[in-house]
Every structure is written in C-alpha cells, then in structure tokens.
Amino acid sequence: MDLDKAKQTFIIEAQELLGAMEEALLTVEGQADQAEAVNAMFRAVHTIKGSAGLFGLDGIVHFSHTVESVMDRVRSHQLSLSSALVSLVLECHDHLSQMIADLQGGDPEPPASREVGQGLVNRLLPFLEGKGVEAGSAAPVVSRQTSKVPESEQGSWHISARFGADVLRNGMDPLSFIRFLGTLGTIIHMAPFVDGLPGGEAFDPETCYYGFELDLETDADRQTIEDVFEFVREDSRIRIIPPHSKVEEYIQLIRDLPEEERLLGETLVAGGSITAKDLEECLQRQKQESYEGGSVQGRLLGTILIEDQAVPPPVVAAALDKQKKFQERQAHELKVVKVQADKLDKLVDLVGELVIAGATAKVLAGQTRDDRMMESTAIINNLVEAIRDTALGLRMVQIGETFNRFRRIVRDVSKELGKSIDLEIHGAETELDKSIVEKLSDPLMHIVRNSIDHGIEPLEIRKARGKPDAGTLSLNASHESGSILIEVSDDGGGLNRSKILAKAMERGLISAGSAPSDQEVCNLIFEPGFSTADSVSNLSGRGVGMDVVRRNIDELRGNIEIETEEGLGTNIRIRLPLTLAIIDGFRVGVNHASYVVPLDMVIECLDLGPFLESEENHLINLRGEVLPFLRLREVFRINEEPPQRERVVVVQYGETRAGLVVDKLLGEFQAVIKPLGGLFRQIRGIGGSTILGSGEVALILDVPQLVQLATEQKHAPLKRLPALPVIG
Amino acid sequence: MFNIQEAKRNGQTVLKLAGELTIYSASEAKTGLAKYSDKKSPQELDLSGIEEIDTAGVQVLLWAKREAAGRKRPITLVNHSAAVIDALDLLKVTSLFGDPILIVPSGK
C-alpha cells in the first residue's frame, strides 16, 4: 500500500469528518433532539482517532481520545451539552483541524500545537470526572465489547444445552460446565433433561444423554458464557439467550456500530448478540436446509436465528434495519465520485474548444449545401451542446456549504461582541460554479462581519428601538434570469446616510453641497479605506474590506447593490453570472462585426421603427413601457451609415430593462468566453471575447454595464465610451 | 478403581458401589449392575464408597434405577457419598431418583 496516498485519504476523510462535526456542533444547541448531532460528533472523533491510530499519529490519537471520552459521556446522557461545552468542543475541533493541517503540511505535531492540545485536554478533564477514566493515558483502541456491563443491566441468561453423544467419550463432562457456570454467576434455576436416556441394552454408558435448561444470573457477556462451551459446541446444541435488558443493549449496540457493509450475521456478531460460532452454525444449518429442501435458499438467516431462539426478534430487526440503512447510504455514496478540480477544468477547457470546432464544422457544412453533411453536423452540434451543459454542470456546487461556514463565524463573532444573532439560511441548494463559490467566500465573509459588527445594534439600542433582542442575519441564494442572486440582510440599524456623507466630504470623495442619490451614498462605502465606524474592532471598522468586496465581485463579472433603511436594516444584493466559461449567446451584427449578448438576458427582439418613442431621449415604447435604448453603433463609435431597418434587442439585468439597437439579428450561438487581455480590461461594455465558427472574433457584450449606461443616459447626455481599440 | 460388592442386609441384597464411577468405569458398572437384573436383583445400592462420580456415572445410576423400576423391583440409592451428593446436586437430578438423601454434616 502506498502509505503517502493512504495518508492523503486519511487527511481528506478527517477534514470531511471535521466538517460534519462542526456542523453538528453548530446546530446542536437549541435542538430538541440532540442525539443525532451528538452521535455525529462522536462518530467523527471516534473515526479520526481510529484512523490516526493506523498511521501511528499518537498526538491525534491521544487528543481525540479525550474528546471522544467526553462526547461519549454526553452520548450516554451522563453529561449535558452545555453552551460552554459546545464552545470547548469547538475549540477542540479547531485544534484537531490544525493537527490535520499540520500533518498535511508535513510537520506533524509542532511543539506549539502540543501545548495547545494539552491545554484543551486539561480543560476537558473536569468533564470526565467521576468516570474514572485516565484521560491522560490514551488507549488507542477502545474495545466495543466490554467484558463487564454495569450492575443495573444485569439479568439472567437462559442457557439451553443438549450435549452431543460423544461428549463424555471425548473427556468432557457436563458437570464441569455447570460447575464453571456457577463461578460466573448464580444459577437461579435449572432443569435437567435426560428423556433421551434409553432403557435396557440400548443404554450405552459412554454416551451422553444429558442436557439442561438453566437460568444464570451473571454480569459476564455473551462471549464469556459461550467460551464455557467452546469444546463441546461442535456436536452439541447450545443456545444462549440473553436477558431482556440485554435486548435493548444489543439493539443500541447495533445502531451504534460504525456504518459499513455487513451481512446480517456480521452485524449481530459485532453487536455481541450472537457469537461467531452461533453464526457459523446457523449458516451451516441454512445451507443444510436448503440442500435438503431442494430450494435455492433455505430459511433466511434472521428467521433461523429467531426460530432457534438464539436472538430475540427485536435485535434481528435492529440489525436488519441497520443493514438496510447502510445499503441505502452506500447506494447514495456510489453516486458521488471525487474528481480532482484540475481534471474538471481541463475537461471544461476541452469542451470549450469542442464547441468552437463544432461551430466551425457547422459553418463549413452549411457551405457545402450537402443535406446529409448538414444533418450530421447538426446532430453533432446537439451532442456537443449536451456535453457542454453536462460538463459545466459538473462544476456546479451547492452554495449551502459556503453558507454553513458562516454559522460558525456568526456564532463566534456574536459571542465576542455580546450580541445575540440568529442566522437564517435560504436557498442553500442553489447551485453555482465552483470557482465562483470559492471566490465568493471572502467577500461574503466581509459583508457578514460588517453586518454583525456595524449592522446589528447592541442589545440596549435594539430594546430602545422596540426590536427583538436577538438580531437576525439572513443569507439567501436564488436564481434570477441567467444570474444568481445572493442576499445578505440584517435587521440592524441600516446605513447612516448623514454619517456617510459627512465622512465622504471629509475625505473629499464628494463635494460639499452636492445631493447624491441614496444609491450613490450607499456605493460610497465601497470606496477604499472608507469607514464610519466610531471604533475599530478586530472584526471590522478599519475601512479595509468593502472595497475588496467590490473588487472581488467585479472580477466575477457580478455586481453588488445595497438597499438600506435607517433603523430597519440593510439588504446587500450580489448578482453573479451562473458560469464563467461557456454561455448561450445571441449573436447580433453591427456593420461588419458580430457581438454576442448572453441569451439569458435577452427578453425579445423588435424592429426599432414602430416602437421608437423619442429619438432625442433614446426611448422606446414597449407596449406602454418606456425603456431607454442604446445604439451599439454609437457606443462603439462605428461611423458607417446605419441600415434602413434597425433592430432592438431588449435585455434585462436585475430588474432593469433596456434596448440595444443593432443592425442585424444573427441568431443563437454558443459562446466560449475567452478573457480579454489586460489592455482591454478598462473598456466598459465589453465582457469578453469569443471565437465564431468562421474563425472570426466576436465581442461579448457586458449587458449590466450597457444597461446602466442606457439608464444614466436617460438623464444625462450620452457619455462616449473610450475608443475601442481594433481587435483581430 | 471401581468395584461392586454384594452384601446382605436384613435379608435384602445390597450392592455396595465403591471407587470411581466415571466414564472410564461406566461400562464396567453397567455390566456389573446388569448381572443383578434377574431374581437376585438388589433392593439397595450403597453409594458410600463412591469417591468420584461424573455425568457418565450418574447416567449409569439413573439407568439402573429406571431399569429396576421397569421390572417392578425398585431399588433405592442409599448412603450417598459426598461426591455423589455433589454431582446429583449440580446436575439437578436428585429429584429424578427420588431417593431420600441423608445429609451428613460436612464437618464430620
């Protein structure tokens, strides 16, 4: 086995487990039924400990053992999960994460980490008091089968024995078994069974005819009792039926078993309700019966076990349930394959090339005027389109994971600030491109922190304003015509317009006496170094952040807007494109050049003439709705004569619509987005470029910017865009 | 070592069983007891000399008891030795024999 690879697997597994643990920790408070979450935490720590033991990572084993012991006490209701304990376990979680990270970094257990670990262990110890566990001396593997069960769970075992004929001859004596059972506990009842003893000459003095039924009160476990009969099992019939209290215990044990593929029998053995010997025997019987009965399969194992009274029905039911659950889970797991992100990127790149090549083939096929050729390229193009969608779909991930990370941040930060904040998450299942999700995490973090720190007011102010004590912060995600909308809203104090204005004037961002719109005021907070916070905390207020947020969102071709009402709250909306790589485009022509509009943003296409409302103010009348329009010809300064008929493409971004006036409508087109070189970054109105089937370059229009431009121009004379350098 | 000695007590045949009545001597015991299955059949089996007895031995005794009962010439087990009492007790077969057992104070 490649140990490095195995270790890598361990690291990934551990990280996943820690993720699950953190989530459980963060949701456990306030839950009526904590069992599930507590189990999840326990399992995570337990599994990490076990795996770490395999690699000889004593530090991790040692530390997680202590955490596990505490979790175990919580699980068995000996300890309640207080808020303080949750916080402590969270710290332990962080430390474990750090240890895993150190391991990945190739420096397992730096001395500093050991100190932190010891500190945490020392704080955990009080929670273990009374348990008698030496947390300091970590036993790497805790056997699930304890040989002693607590006094209270004692009960009487029923043992039914019919000894084989040769038992005596083989030097075994039932007497000694009984004598030994007597040492394990108290035989509270016993009935001999000698009905098989024949009369007359048929009696063979060396054959054993003896058997018994007895009830034994003992605190020994099944295996111990079973071992008594170890040497006579083969030819005797020994049934050991657990006391009633044990039934519960077995069911519990079976439920607590780690999730693995197991056969029914194996589950029962692992749970201790039957022993390996029992199982072997029953399987043998099953085989035998199926052979004798001539059927393909004899009685089911569970049936045999129940009918032969080795195992009480509820225990079998629990084991079967467990088996089924695992099968379901496995079926689900099989659907998930982990793929390296770079392989996926490579695939998407290739698909992009395929789309371009496909478009070229389509154009060439069209020129041949060969029907069969055209049909075949059309089919190929359909397939390419399907492949493109699938390939891009592969990169889609749910945003929920990113959102969930904020539970922790909200919890920590609000604790630190002494505020009580509820986090609401909606639309966690909304999918978007993985690369976007990754880049979104930081900006969201800034916004969330700002909301907690500046947005939501301290308790006294909230009370004074008649708001509920606990502030609410909500994260929403949803799809909106070709883009994704992420909202962060709080019910805090909102942005203080006058404060921002004063600060902006002080910094010379706006001139005194000007009356900017609310939106403009809000946008001021995105200026570098802008902060109105009276005090600088270690969370926010240094004025670093919101400008970075806007830069990050811009890089994603998204936009950000703020809606705020003083005293009531703030709503920050981020709109992002669904994907970064390939889009369905709508191709339009102006003069000799082609431009591509993302198809999702296209509402409809019209002739300009009949809808023209005001040439002067650049307005069209779309069935009663007046919309601004822009002539691309003017935007890009194309000085050729316009054609007789001009067309309008009505586009929508967010809630704003506008018309783009073009010469020709050229139809749908799959555009593989190629980023523009650094030289062209500053040009507004252009979002990227793409290659047409003919090999020509087409520019992809940046609809949000154009829509904004059209809207601005409604109020002000047309601002010329900087001259567009000639491309290609 | 196992042996059977015939004795008379009050005109009745008493068989005194002595030594080790175990799996090793069970056959011998059966054969020995079978000899008395006719008219000479004894009324009592004196077990005072049994030093050791195991399940096989108990089975032989049970067989003999049942055989005798079957012939309508029941026998009684008497003078159980400590080893016999212990074995019968452990196997919980005392009641199957139905013979009164004189419990001797263990301290002698």
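Quick caveat: nothing in here was measured; it's all calculated off a predicted structure. (Residues numbered from 1 in each chain as written. Chains lettered and ligands numbered in written order. Predicted model: local features only at pLDDT ≥ 70, side-chain atom pairs only at ≥ 80, totals over all residues. Heavy atoms only, no water.)

Counting secondary structure elements, chain A contains 23 helices and 22 strands. When each of the 728 residues of chain A is scored for burial, the buried share is 46%. Taken as a whole, chain A presents about 36,600 Å² of accessible surface, with 52% of it coming from carbon and sulfur. (Helix = DSSP H or I, 4+ residues; strand = E, 2+ residues; numbered from the N terminus. Buried < 20%, exposed > 50% of the residue type's maximum accessible area, 1.4 Å probe, protein only. Areas by Shrake-Rupley, 256 points an atom, 1.4 Å probe, with all protein chains shown as cover.)

For the rest of this paragraph, the subject is the overall build of chain B. Each helix and strand counted, chain B has four helices and four strands in total. When the helices and strands of chain B are placed in sequence order, the string is β-β-α-β-α-β-α-α. Looking at chain B as a whole, 47% of its 108 residues are labelled buried. Excluding contacts between residues fewer than 6 apart, the proportion of contacts in chain B whose partners are at least 24 apart in sequence is 67%. Carbon and sulfur atoms make up 53% of the accessible area of chain B, which amounts to about 5,600 Å² in all. (Contact = heavy atoms within 4.5 Å.)

Before going further, it helps to spend a moment on helix H3 (residues 82–91) of chain B. Looking only at H3 of chain B, the buried set comprises Val84, Ala87, Leu88, Leu90 and Leu91 of chain B. The buried residues of H3 of chain B all sit within an arc of 165 degrees when viewed along its axis, so they share a single face. Packed against the buried residues of H3 of chain B are helix H6 (174–184) and strand E2 (185–193) of chain A together with strand E3 (44–53), helix H2 (55–70) and helix H4 (94–97) of chain B. Once H3 of chain B finishes, Lys92 of chain B follows within two positions and takes phi at roughly 60 degrees, a positive value. (Arc of directions from axis to C-beta.)

Now for the pattern of salt bridges. Residue and element names in this part refer to chain A. By the definition in use, this model includes 28 salt bridges over all chains. We note a salt bridge from Arg573 to Glu561, for which the minimum N-O separation is 3.3 Å. With Arg573 in strand E11 (residues 569–577) and Glu561 in strand E10 (residues 559–565), this residue pair connects regions lying 12 residues apart in the sequence. A residue is classified by how much of its surface remains accessible, and Arg573, at 11% relative accessible area, is buried. Judged by its relative accessible area of 23%, Glu561 is partly exposed. (Salt bridge = Lys/Arg side-chain N within 4 Å of Asp/Glu carboxyl O.)

Here the focus is the interface of chain A and chain B. Listed per partner, the contact involves 22 residues of chain A and 21 residues of chain B. Regarding the contact of chain A and chain B, the summed buried area is about 1,900 Å², with carbon and sulfur atoms giving 64% of it. Put simply, Arg179 of chain A and Asp86 of chain B hold a salt bridge, and the shortest N to O gap is 3.3 Å. Counting across the chain A and chain B interface gives 11 residue pairs in polar contact (both at pLDDT 80 or more). Those elements giving two or more residues to the side of chain A that touches chain B turn out to be H6 and E2 of chain A. Residue composition of the side of chain A that touches chain B, grouped by class: 14 nonpolar, three polar and five charged. (Buried area = accessible area lost by both parts, 1.4 Å probe. Polar contact = N/O pair within 3.5 Å; in protein donor to acceptor, adjacent residues only side chain to side chain. Nonpolar A, V, L, I, M, F, W, Y, C, P; charged D, E, K, R; others polar.)

A separate point is the pairing of strand E8 (residues 471–480) of chain A. All names here are of chain A. Burial within E8 is extensive, with seven of its 10 residues counted as buried. Both strand E6 (residues 421–426) and E8 contribute to a ladder of six bridges, which runs parallel. Its bridge partner lying in E8, Leu423 is registered against Leu473. For E8 and strand E9 (residues 483–490), the ladder comprises eight bridges, and the chain directions are antiparallel. Looking at the pairing, Ala477 lines up with Ile486 of E9. (Pairing = 2+ DSSP bridges.)

Attention now moves to the side chain of Asp215 of chain A. Residues and elements named next belong to chain A. With respect to the element layout, Asp215 can be found in strand E3 (residues 211–218). With no salt bridge to any partner, buried Asp215 finds its closest opposite charge in Arg162, at an N-O distance of 12 Å. Engagement of the side chain of Asp215 in a polar contact is seen with the side chain of His158, the distance being 2.6 Å. If sequence neighbours within four positions are ignored, Asp215 has contacts with Ser156, Trp157, His158, Thr186, Ile187, Ile188 and His189. (Lys, Arg positive; Asp, Glu negative; His and termini not counted.)

This part takes up the packing of aromatic side chains. Across all of its chains, the model carries seven aromatic pairs over all chains by this definition. Look at Phe163 of chain A and Phe177 of chain A: their rings are 5.6 Å apart centre to centre, the planes differ by 20 degrees, and that puts the pair in the stacked class. With Phe163 of chain A in the loop between strand E1 (155–162) and H6 and Phe177 of chain A in helix H6, this pair connects stretches of sequence that are 14 residues apart. Residue class for Phe163 of chain A comes out buried when judged on its relative accessible area of 8%. Under the relative-accessibility criterion, Phe177 of chain A is labelled buried at 8%. Centroid distance Phe203 of chain A to Trp63 of chain B: 5.2 Å. Interplanar angle 15 degrees. Geometry classified as stacked. Here Phe203 of chain A is found in the loop between E2 and E3, whereas its partner Trp63 of chain B is found in helix H2 on a different chain. (Phe/Tyr/Trp six-rings, centres within 6.5 Å; stacked < 30°, edge-to-face > 60°.)

A few words on unusual backbone geometry. A positive phi angle, near 55 degrees, is found at Arg637 of chain A, a position not held by glycine. Structurally, Arg637 of chain A can be placed in the loop between helix H22 (632–635) and strand E18 (647–653). Even without a glycine there, the phi angle at Lys92 of chain B is positive, about 60 degrees. Structurally, Lys92 of chain B can be placed in the loop between H3 and H4.

Residue and element names in this part refer to chain A. Orientation of helix H13 (residues 341–368) relative to helix H14 (residues 371–394), taken along the N-to-C sense of each, is 160 degrees, at an axis distance of 9 Å. The orientation of H13 with respect to H14, classified from their angle, is roughly antiparallel. Crossing of H13 over H14 shows left-handed handedness. (Axes fitted to C-alpha atoms, helices over the stretch in contact; angles between N-to-C directions. Parallel < 35°, antiparallel > 145°, perpendicular 65-115°, else oblique. Left-handed = near helix turned anticlockwise from the far one by under 90°.)

All names here are of chain B. Along the chain, Thr22 turns up in the loop between strand E2 (12–21) and helix H1 (26–34). For Thr22, a relative accessible area of 5% gives the class buried. The contact partners of Thr22, leaving out residues within four places of it in the chain, are Glu52, Ile53, Asp54 and Ala56.

All names here are of chain A. Considering the arrangement of structural elements, one finds Val602 in strand E14 (residues 602–607). Residue class for Val602 comes out buried when judged on its relative accessible area of 17%. Between the C-alpha atoms of Val602 and Gly659, which are 57 residues apart in sequence, the distance is 9.7 Å. Not counting residues up to four positions away in its chain, the partners in contact with Val602 are Phe586, Val597, Val649, Val650 and Val651.

Counting 58 residues, the largest nonpolar core has Phe163, Leu181, Tyr210, Phe212 and Phe229 of chain A together with Leu17 of chain B as the members making the most contacts within it. Sorting elements by how many residues they give to this core places H2 of chain B first, with eight residues. The next biggest cluster of nonpolar side chains, apart from the first, holds 44 residues, and it includes Ala14, Val28, Val74 and Leu88 of chain A. (Core = buried A, V, L, I, M, F, W, Y, C linked by side-chain atoms within 4.5 Å.)

Glancing now at the sheet that holds E11 of chain A. All names here are of chain A. In spatial order, the strands read E6-E8-E9-E11-E10; together these five strands make up an open sheet with mixed pairing. What marks the edges here is a single partner per strand, and that holds for E6 and E10. Direction aside, neighbouring strands of the sheet carry axes that sit 15 degrees apart on average. Lying on the sheet, helix H15 (residues 400–417) is in contact with E6, E8 and E9; it crosses E6 at an angle near 170 degrees. Together, E6, E8, E9, E10 and E11 form the strand contacts of helix H16 (residues 434–455), whose direction differs from that of E9 by roughly 20 degrees.

Our next topic: the packing of H16 of chain A against helix H20 (residues 546–555) of chain A. Residues and elements named next belong to chain A. Interhelical geometry of H16 versus H20 gives an angle of 145 degrees and a closest axis separation of 9 Å. Crossing angle aside, the handedness with which H16 passes H20 is left-handed. Contacts from Leu440, Asp442, Pro443, His446, Ile447 and Asn450 of H16 reach H20 at Met546, Val549, Asn552 and Ile553. Grouping the constituent residues of the contact of H16 with H20 by class yields six nonpolar, three polar and one charged.

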